[in-house]
Amino acid sequence: MGQSLSLCLIMRDEASNIERCLKSVKDVVDEIIVVDTGSEDNSIVLAKSLGAKVFQYTWENDFSKAKNYAISKASGDWLLLLDADDELIDRDMVRPLMQEQDYDGFLFLTVSFLGKYPGEAMVQNPQVRLIQNREDIRYKRAIHEVILVEPNRKVALVPICVYHYGYLNQKDNIKRKITRNKEILLESKDPLDYFYLGSEYLRESNYHKALEYFSLAELVNAPELAKKKAFALIQLEEYAEALGTLQEAIREFPDYTDLWFLKGSISQATGEYGKALKAYTHCLSLGEAPPFYPTDLGVGSYQAYLYLGITHEALLNFREAKEAYLKALSIYPKYKSAKQFLLRLFANYPLLSEPLPDISVSLALEARAYDLALEISKDPLSKGLAYLGKREYHKALRELEKVDTPLSTYHQLLIHWLTGEMDKAKPLLDSLTTPLHEVLLGNLNELPDYEFLLEFMEKAIEVGGLQLVKKVYSTLKNHYLDLEDSLREIANRYGENLFLSRPEDFFIKGAHLINQGQIYPGLANLYTSYHKGFKTPGLYHFLASGLVAHLNLDFPRVVVDS
């Protein structure tokens, strides 16, 4: 008689995920055990409709207790361990493993999706997913629970993939989970819990607090700890300390591609483009990190090519940038970021342009390839947004007025505001209820949602509304402590600068102007950056580029020797 297999999982309010999970295993397992810890949606109904045996369990702030309760209800010889927001991919490979009686269990590769949609960004890490159903095999730890970690256990890593959807852009859900996780972790004094606590603060962009707890977690999860410490330091622009952290970790873990990738990002941020090229090229020579490391997928392939392209573009090596973007797409054809940078390059330098498959209007708009968007768009809303991007405001209005939607109204309002037609803006303001529009009228009875505020500011910056952004900023700067940093980052993406105060601000502005052919104002900003102490290879490159252009000479292909 063959070995039997039970699925075990716990859930709470997983109506949006549970069907996908259970359907992915229905032809693999013989039994589905679901333990519900207090759902208020229709998760239980959905689970039962797909054949699950559902048990109720009172939540005790302990994941291991809940999962071990699920295991106690299973009758299978082997147990498949998933979360409700998982999806089993390589289904046919699971049951043959159950013949390997010498093994206590198997690790599968979990690919977690990040961002707004599956595939935008992915991280991979190994997790125990298949175990023998024995009383000596149980979960430990209240959170970030582990199983089969004892030194005498026999486990193997196999190339079976599980997709995890729990980190996708569901902000309220993620915030709730972070709060819950921190509450549990703060009760512990275990160095491993300090590592996880730092990771939670990292997820909510509290980098100082993250570093505080990472410092208490020394020697725990050493390669991933170094990666996360360096990332937090980079976000705080503590580049020298971040580089030191990476150099030390690379000596011990030279095959961990993620460390080299972060090293490249530091060189790129500091304008040391030659070093950045070397780091990203080394990432490609290493390939993806070995599967026993938690890794950002693509750092040894398509992401490395993308950032090679971005670096080449900063060096004005446009043909090399184009080739790098195309290589990224050849590895991962759905890589949206590579398509965006390639479209933007084609829009700025038409002689390099060539047809690309699968280009949507929305992608062309996001890439600011507005002429292409006009070519392929068929609806007035898309055409209006493209004309708005080109700052052809009257043409944009003509198209947007054909559409009666809040999105169209919002952009009409923005145009009237930018063109100073306040008499036309007022009726549109009255038709919208978001608190941001109250701010535009000078009222502060209710503060706008921060994410919506940043989206509005970015759109205004994109279409030339710097004065409007400065007005909103001056009204709200005392209510959002990190508003200046967020706006600075957004403005830099568009080559604009709201706060010309730091040396690197002048450098970014000057480099953008040089790339756009505006030589004199570009050089003026670069000289200001130099005199304020920003003396990097990147600055010298753009100064040389601007001076050669000023002298009307051909500027050769540049590689910065670092």
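As a reminder, the structure under discussion sits directly above these lines.
These numbers come from a predicted model, not from an experiment. (Residues numbered from 1 in each chain as written. Predicted model: local features only at pLDDT ≥ 70, side-chain atom pairs only at ≥ 80, totals over all residues. Heavy atoms only, no water.)

A. Structural view of the packing of aromatic side chains. Under the defined criterion, the tally for this structure stands at 21 aromatic pairs. Aromatic pair Phe-113 and Tyr-165: ring centres 5.2 Å apart, planes at 55 degrees, arrangement tilted. Of this pair, Phe-113 sits in strand E6 (residues 105–114) while Tyr-165 sits in the loop between strand E8 (155–164) and helix H4 (171–185), and the two are 52 residues apart along the sequence. With a relative accessible area of 11%, Tyr-165 lands in the buried category. A ring pair is formed by Phe-261 and Tyr-280, whose centres lie 5.4 Å apart and whose planes are at 55 degrees; its orientation type is tilted. Taken together, the positions of Phe-261 in helix H9 (residues 257–269) and Tyr-280 in helix H10 (residues 273–286) put the pair 19 residues apart, joining distant regions of the chain. With a relative accessible area of 10%, Phe-261 lands in the buried category. Chaining the aromatic ring pairs together yields one cluster made of Phe-253, Tyr-256, Phe-292 and Tyr-293. Above the ring of Tyr-139, the side-chain terminus of Lys-67 is found at 5.3 Å from the ring centroid. In this structure, Arg-344 is placed above the aromatic ring of Phe-341, and the distance from its NZ or CZ to the ring centre is 5.5 Å. (Phe/Tyr/Trp six-rings, centres within 6.5 Å; stacked < 30°, edge-to-face > 60°. Helix = DSSP H or I, 4+ residues; strand = E, 2+ residues; numbered from the N terminus. Buried < 20%, exposed > 50% of the residue type's maximum accessible area, 1.4 Å probe, protein only. Lys NZ or Arg CZ within 6 Å of the ring centre and 35° of its normal.)

B. How the structure looks around the pattern of salt bridges. Here the structure, examined in full by the defined rule, presents 28 salt bridges. Its salt-bridge partner being Lys-177, residue Asp-85 comes within 3.6 Å of it at the nearest N-O pair. One end of the pair, Asp-85, is in the loop between strand E4 (78–81) and strand E5 (86–88); the other, Lys-177, is in helix H4, and 92 residues separate them in sequence. Pair check on accessibility: Asp-85 and Lys-177 agree, each one buried. With its nearest N and O atoms 2.5 Å apart, the salt bridge here joins Arg-141 to Asp-193. Remark: Asp-193 occurs in helix H5 (residues 191–203) and Arg-141 occurs in the loop between strand E7 (121–132) and E8; sequence separation between them is 52 residues. What makes Asp-193 buried here is its relative accessible area of 8%. (Salt bridge = Lys/Arg side-chain N within 4 Å of Asp/Glu carboxyl O.)

C. Spotlight on helix H13 (residues 336–348). Across its 13 residues, H13 extends 18 Å between first and last C-alpha, which sits within 8% of the 18 Å expected from 1.5 Å per residue. Of the residues making up H13, those classed as buried are Ala-338, Lys-339, Gln-340, Leu-342, Leu-343, Arg-344, Leu-345 and Phe-346. In the core, the buried residues of H13 are packed alongside helix H11 (302–314), helix H12 (318–331), helix H14 (361–366) and helix H15 (370–376). (Expected span 1.5 Å × (residues − 1). Contact = heavy atoms within 4.5 Å.)

D. Representation of the pairing of E6 in the model. Of all 10 residues in E6, 9 are buried, a share of seventy percent or more. Strand direction decides the pairing type here: E6 and E7, joined by 10 bridges, are antiparallel. Paired with Phe-108 across the strands is Gln-127, a residue of E7. Taking the residues that link successive antiparallel strands as the turn, the E6-E7 hairpin has 6 residues, and the phi of Gly-115 there is positive, at about 95 degrees. Here E6 runs beside E8; their pairing, made up of 7 bridges, is parallel. When the sheet's bridge partners are listed, Leu-107 is paired in E8 with Leu-157. (Pairing = 2+ DSSP bridges.)

E. Broad picture of the side chain of Thr-311. Tracing the backbone shows Thr-311 in helix H11. Sequence-distant contacts of Thr-311, defined by excluding residues within four places in its chain, comprise Gln-268, Tyr-273, Ala-276, Leu-277 and Tyr-280.

F. Summary view of the environment of Glu-14. Relative to the helices and strands, Glu-14 is located in the loop between strand E1 (5–11) and helix H1 (18–25). Under the relative-accessibility criterion, Glu-14 is labelled buried at 13%. Discounting residues that sit within four places of it in the chain, Glu-14 has contacts with Asp-41, Ser-43, Ala-84 and Asp-85.

G. Geometry of the environment of Pro-254. Note that Pro-254 resides in the loop between helix H8 (239–252) and H9. Among the residues examined, Pro-254 registers a relative accessible area of 45% and is labelled partly exposed. Each C-alpha atom of the pair Pro-254 and Leu-286 lies 9.3 Å from the other, and the pair is 32 residues apart in sequence. The contacts of Pro-254, once residues within four sequence positions are left out, are Trp-260 and Leu-286.

H. Inspection of the packing of helix H17 (residues 393–400) against helix H18 (residues 406–418) at higher detail. One can describe the packing of H17 onto H18 by two numbers: an axis separation of 10 Å at closest approach and a directional angle of 155 degrees. It follows that H17 is roughly antiparallel to H18 by the angle criterion. The two elements H17 and H18 meet at a crossing, and its hand is left-handed. Between H17 and H18, the contacting residues are Tyr-393, Ala-396, Leu-397 and Leu-400 on the first element and Ser-408, His-411, Gln-412, Ile-415, His-416 and Leu-418 on the second. (Axes fitted to C-alpha atoms, helices over the stretch in contact; angles between N-to-C directions. Parallel < 35°, antiparallel > 145°, perpendicular 65-115°, else oblique. Left-handed = near helix turned anticlockwise from the far one by under 90°.)

I. Geometry of the pairing of E8. Here E5 runs beside E8; their pairing, made up of 3 bridges, is antiparallel. Looking across to E8, one finds that Glu-87 is bridged to Tyr-163.

J. Seen up close, the nonpolar core. Core analysis: the largest hydrophobic core is formed by 99 residues, its most contacted members being Cys-8, Ile-131, Ile-147, Tyr-335, Phe-507 and Phe-542. With 7 residues, H5 is the largest single contributor of residues to this core. Excluding anything up to four places from it in sequence, Phe-507 contacts Tyr-273, Leu-526, Ser-529, Phe-534, Gly-538, Leu-539 and Phe-542. Grouped together as the second largest cluster of nonpolar side chains are 32 residues, Val-25, Val-29, Ala-52 and Ala-156 included. (Core = buried A, V, L, I, M, F, W, Y, C linked by side-chain atoms within 4.5 Å.)

K. Expanded view of the packing of H9 against H10. Taken N-terminus to C-terminus, the directions of H9 and H10 make an angle of 165 degrees; their axes are 7 Å apart at the nearest point. Judged on the interaxial angle alone, H10 and H9 are roughly antiparallel. In this structure, the crossing between H9 and H10 has a hand that is left-handed. Each of Thr-257, Trp-260, Phe-261, Lys-263, Gly-264, Ser-265, Ser-267 and Gln-268 in H9 lies in contact with H10, whose residues at this interface are Tyr-273, Lys-275, Ala-276, Ala-279, Tyr-280, His-282, Cys-283 and Leu-286. Here the residues of the contact of H9 with H10 are counted per class, giving 8 nonpolar, 6 polar and 2 charged. (Nonpolar A, V, L, I, M, F, W, Y, C, P; charged D, E, K, R; others polar.)

L. How the structure looks around H5. Counted at 1.5 Å a residue, the expected span for H5 with its 13 residues is 18 Å, and the 19 Å between its end C-alpha atoms agrees. By the criterion of burial, H5 is predominantly enclosed, with 11 of the 13 residues buried. Within the span of H5, buried status applies to Leu-192, Asp-193, Tyr-194, Phe-195, Tyr-196, Leu-197, Gly-198, Ser-199, Glu-200, Tyr-201 and Leu-202. N-capping of H5 is provided by Asp-190, with a side-chain oxygen placed 2.8 Å from the backbone N of Leu-192. Looking at the residues trailing H5, positive phi occurs at Ser-205, about 65 degrees. (Polar contact = N/O pair within 3.5 Å; in protein donor to acceptor, adjacent residues only side chain to side chain.)

From the geometry alone we can't say anything about function, so treat these as descriptive.
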